[in-house]
Every structure is written in C-alpha cells, then in structure tokens.
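Structure at a glance
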Amino acid sequence: MKVPLLDLKAQYRALQPEIDAAVKAVFESQYFILGPEVVACEEAVAAYSQTAHGCGVSSGTDALLIALMNEGIGPGDEVITTPYTFFATAGSIARTGARPVFVDIEPDTYNLRFDQVEAYITPQTKAIMVVHLYGLMADMDPVMALAEKHKLIVIEDAAQAIGAEYKRRRAGSIGDYGCFSFFPSKNLGGAGDGGMVVSQDADKAEKLKTMRNHGMQPKYYNRFIGGNFRLDALQAAVINVKLKYLDEWSRARQANALRYQQLFEDAGIGPEQIELPWMPPSTDPAYTGDCGCRHIFNQFIIRSKQRDALRDHLMGQGIGTEIYYPVPLHVQECFAYLGYAPGDFPESERAATETLALPIYPELTDEQAAAVVACIRAFLA
Ligand SMILES: *Cc1c(COP(=O)(O)O)cnc(C)c1O
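Thresholds applied
- Residues numbered from 1 in each chain as written.
- Predicted model: local features only at pLDDT ≥ 70, side-chain atom pairs only at ≥ 80, totals over all residues.
- Heavy atoms only, no water.
- Helix = DSSP H or I, 4+ residues; strand = E, 2+ residues; numbered from the N terminus.
- Buried < 20%, exposed > 50% of the residue type's maximum accessible area, 1.4 Å probe, protein only.
- Contact = heavy atoms within 4.5 Å.
- Disulfide = S-S within 2.5 Å.
- Salt bridge = Lys/Arg side-chain N within 4 Å of Asp/Glu carboxyl O.
- Core = buried A, V, L, I, M, F, W, Y, C linked by side-chain atoms within 4.5 Å.
- Near = heavy atom within 4 Å.
- Polar contact = N/O pair within 3.5 Å; in protein donor to acceptor, adjacent residues only side chain to side chain.
- Areas by Shrake-Rupley, 256 points an atom, 1.4 Å probe, with all protein chains shown as cover.
- Nonpolar A, V, L, I, M, F, W, Y, C, P; charged D, E, K, R; others polar.
- Phe/Tyr/Trp six-rings, centres within 6.5 Å; stacked < 30°, edge-to-face > 60°.
- Lys NZ or Arg CZ within 6 Å of the ring centre and 35° of its normal.
- Pairing = 2+ DSSP bridges.
- Right-handed = clockwise from strand over helix to strand, strands pointing away.

1. Comments concerning the overall build of the protein
Broken down by element type, the protein carries 12 helices and 11 strands. The principal-axis extents of the C-alpha atoms in the protein amount to approximately 70 × 55 × 40 Å. Within the span of the protein, comprising 381 residues, buried residues form 54% of the whole. Across the protein, contacts joining residues at least 24 apart in sequence account for 72% of those joining residues at least 6 apart.

So, in structure tokens, the structure goes:
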C-alpha cells in the first residue's frame, strides 16, 4: 500500500468549494496585497493563538526576520537558539548581522535545553529564539524567567506549532513575538508562501506593520529601514477558510499518533528497537485530567539506530518518510564562520542521525497507518 508523507490533495478535495469561492472572491475584488482578507486573517489567527495582535507577512522565515528587525537586533548582538531546527531559525538571526549562539536540545522533546541556556548569556545577548519543534511547545516558564532576569526579548518560532499549548497557553502567546508559517505543508498551510507574527504588545505590533511595508509611515516617509514582507490577500483568504478546520485536523493528528502507539505495541516493537515520540496524556481523547499541554503533531518522529536502512526499506514499499533534519545548523557549511565543530552539541547530532518522520497527516487512514507499522516490523524481522 502506498502511503505518502503528506496528502494535500485529500485536504483540498474536502474543502474545494469553499476554497475556490474564497479565491474567486479575491479575483473579483482585484485587491491582492494586504486589504480586508489580510486584516480578517490577522484578527482570526491572533485570537486563535490567544494574542492581541497579528501582522501578516510573506513567510515564516520573514516572520522571524521582521521580529528581530523590529527590536533593532543586528551586528554585535547575540541571539540564543537551537541547532536542531529548520535553517530559517538561525538563518534569520544571521541575516540581521547578529550572531546565532546555539544550545543543545533535550533528547525526548527535541526542544532547547533550558537548564543550559543561562551559561550562554553574555552582555551581547539580546534575545532567545525558542522553537516549538514538531508541534510540541518548549518549556516556556524557565525561558521567560531567564528573559526577565537578563532583559531579553523572546521570539517563539511557532512555525510548526500553531494551536499547541503549554500550561493552557497557546504557542506564540507567551514570548514578545510568536512567528507562524503558512507554508503549504504546515498544519495550517496556504496556497503558497505566507506567515504571521503575533504579539500581545500594541506598540510592537504597530511597528511590525510599518516594518513589513518598507518602514513607511505615512506613505513615502520612511521611519525605519523595513522591507516588503507583506502577506497577500489570496493566501489570507485560503487561511481564513482553513483555520476553521484546524482543531479538527489537530485532533485527527493526535488520533493518528495514538494509533501508531497502539500499533507499535501490538506489533511487539519496543523502545530498544524504535523509540516513539513523547506524547502528553492529552493526546488521548479519553484523558480527563488537566495537563495543560497540547501536542499538535506537525510531525510524528521515531528514532532508530538503523534509520537510513529503515528509510530505504519504507521507500521501497511506497511509504513516504522524511529526515528532519539531517545536518544540525552548527555544522552547516554557511555557519562555518561561527567556529563550531562536530561534537559540540551531541544530542542534536544524535537526533540528526536517528530520527525519521512518519506520515501523520489528518486524512491518513487506519489501513495506511497499519501498513506503515507492518512495513517497519518486516524490516526489523
Ligand atoms: C517552516 C519553518 C520555518 C520557515 O517558514 P517558511 O514559511 O517556510 O519561511 C521556520 N522555522 C521552522 C521551525 C519551520 O518549520
């Protein structure tokens, strides 16, 4: 049985009349840049993520960049982040002229090790860029305590975590800025590139809206050196349709995670063979407690010591997987000037060699999930 890593056509089929109508309405209006669809999208995404303000931007990458620019972060400054993330996290820091300073990850959550962060804070440190990797929020209490103590800005890279919760607070709502991506394969994906920065602070939000439009305020009077980071109306219109379904999709992803857990157990595959991702108790709809945590499973990540051979085997059977991320950022060629070496962040490096993403998209069927686990079982046997 063929199982793709992601099936965006299935999602489109389910929403086609609504999406087509929304797109047509934008064409009828011929209002393509910013405008009412973008304002509606900003309000809806801000409300969804428990924040006061939203600023639609051109991508998740630009959301990170513009948040840094909004704080005037640049040459001579340092920003602490994780080396085990998508390139844009550290790329945006480096593009401002600031220096990305890496701290290793926790092996079970893949998020920053906050007990180590303070050791990396210097007088040059201006911000911490926290990543909520794979849909699980990082431990925000210690981050916020450190930020308060050292007067640092906190930017949440929530590109993979829209709707995730930590102590009942949503991703993006805790730091100074929350950054989302509407890249098509994210949990809330547009029909192209798009993103959003959310903030609780009215002044920061107002400055962001100037910054995304060349720093112009009023027109042709440039207060800051901003850029063209605008969100377009077509993306906003698609997001406005899809946002209504996001909770349903997140529940389906959680159900798939739970199903995988059961299937691995039934197959007798233990953690010494395949390590499954950490799951909060709230993943199970039968859970009635109050852990306050909500994992939205942007990815379902397993670990195997034979990761590459396993991946080849699955690929041979028509099962799509992906490696997020094969090369940690501290050893990327473009960051050689930072002076890091292999061995500096052992957990990030181990994750890079052991982790594999399995299909977890909402439309994945029981039969498909069973086929994935049967195929892994056959490989192990
Ligand atoms: C996808 C992603 C980004 C970048 O978002 P784009 O919209 O593709 O620019 C940044 N950080 C993380 C963690 C991501 O997963």
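Having seen the model, we can carry on.
2. Quick notes on the state of the cysteines
Applying the stated criterion to the full structure yields 0 disulfides. Cysteine 293 carries a free sulfur, and the closest cysteine sulfur to it, the one in cysteine 291, is 5.2 Å from it. Residue classification places cysteine 293 among the buried positions, given a relative accessible area of 19%.

3. Details of the pattern of salt bridges
This structure, assessed with the given rule, holds 19 salt bridges. A salt bridge links arginine 212 to glutamate 42; its shortest N-O distance comes to 2.7 Å. Residue arginine 212 is found in the loop between α7 (202-211) and α8 (233-242), and its partner glutamate 42 is found in helix α2 (residues 36-48); the two are separated by 170 residues along the sequence. The pair arginine 212 / glutamate 42 is uniform in exposure class, with both members buried. Close ionic contact of arginine 311 with glutamate 322 constitutes a salt bridge, the shortest N to O distance being 3.6 Å. Taken together, the residues arginine 311 in helix α10 (residues 307-316) and glutamate 322 in the loop between α10 and α11 (346-354) connect sequence positions 11 residues apart. Taking the relative accessible area as the measure of exposure, glutamate 322 reaches 28% and is therefore partly exposed. Taken together, the salt bridges that share partners define one network made up of Arg303, Lys305, Glu347, Arg350 and Glu354.

4. Focus on the nonpolar core
Core analysis: the largest hydrophobic core is formed by 50 residues, its most contacted members being Val45, Val117, Ile128, Val130 and Met140. Sorting the residues of this core by element identifies α1 (8-29), α2, α5 (114-117), β4 (125-131), α6 (140-150), β9 (195-199), α8 and α9 (246-266) as the ones contributing at least two each. Per-element accounting of this core gives the leading share, 6 residues, to α8. Contacts of valine 45, omitting those with residues within four sequence positions, involve Ile162, Phe180, Phe182, Met196, Val198, Ile239 and Leu243.

5. Considerations on the site of the ligand
What surrounds the ligand is a group of 15 residues, the closest being Gly60, Thr61, Asp157, Ser181 and Lys186. Here an oxygen atom of the ligand sits 2.9 Å away from a polar atom, N or O, in the side chain of lysine 186. Here the ligand, which alone exposes 380 Å², has 93% of that area covered by the protein. Every element with two or more residues in the shell around the ligand is listed here: α3 (60-70) and α4 (87-95). Along the lines of polarity and charge, the residues of the shell around the ligand split into 5 nonpolar, 8 polar and 2 charged.

6. Considerations on the side chain of glutamate 42
Its relative accessible area of 5% is what places glutamate 42 among the buried residues. Look past the residues within four positions of glutamate 42 in its chain and what remains in contact with it is Gly54, Cys55, Gly56, Met196, Lys209 and Arg212.

7. Side note on the packing of aromatic side chains
Across all of its chains, the model carries 17 aromatic pairs by this definition. Seen from their ring centres, tyrosine 110 and tyrosine 134 are 5.5 Å apart, and the 75° between their planes marks the pair as edge-to-face. Of this pair, tyrosine 110 sits in the loop between β3 (99-102) and α5 while tyrosine 134 sits in the loop between β4 and α6, placing them 24 residues apart in sequence. In this pair, the class of tyrosine 110 matches that of tyrosine 134, namely buried. Judged by centre distance (6.4 Å) and plane angle (40°), the rings of tyrosine 260 and phenylalanine 264 are tilted. Taken together, the positions of tyrosine 260 and phenylalanine 264, both in helix α9 and 4 residues apart, correspond to about one turn of that helix. For tyrosine 260, a relative accessible area of 0% translates into the label buried. Ring-pair connections join several aromatic residues into one group, and the members of that group are Tyr84, Phe86, Tyr110, Tyr134, Tyr324 and Tyr325. Just above the ring of tyrosine 48 sits the side chain of arginine 170; from NZ or CZ to the centre is 4.5 Å.

8. A word on the pairing of strand β5 (residues 153-157)
Within β5, 5 of the 5 residues are buried, which leaves it mostly tucked inside the rest of the structure. Side-chain alternation along β5 places Ile153, Ile155 and Asp157 on one buried face and Val154 and Glu156 on a second face that is also buried. Across 5 bridges, β4 lies against β5 in parallel orientation. Within the sheet, the bridge partner assigned to valine 131 lies in β5 and is aspartate 157. Once you follow β4 into α6 and on to β5, the crossover reads as right-handed. In the sheet, β5 pairs with strand β8 (residues 177-181) via 3 bridges, with the strands oriented parallel. Bridge pairing in β8 links glutamate 156 to glycine 178.

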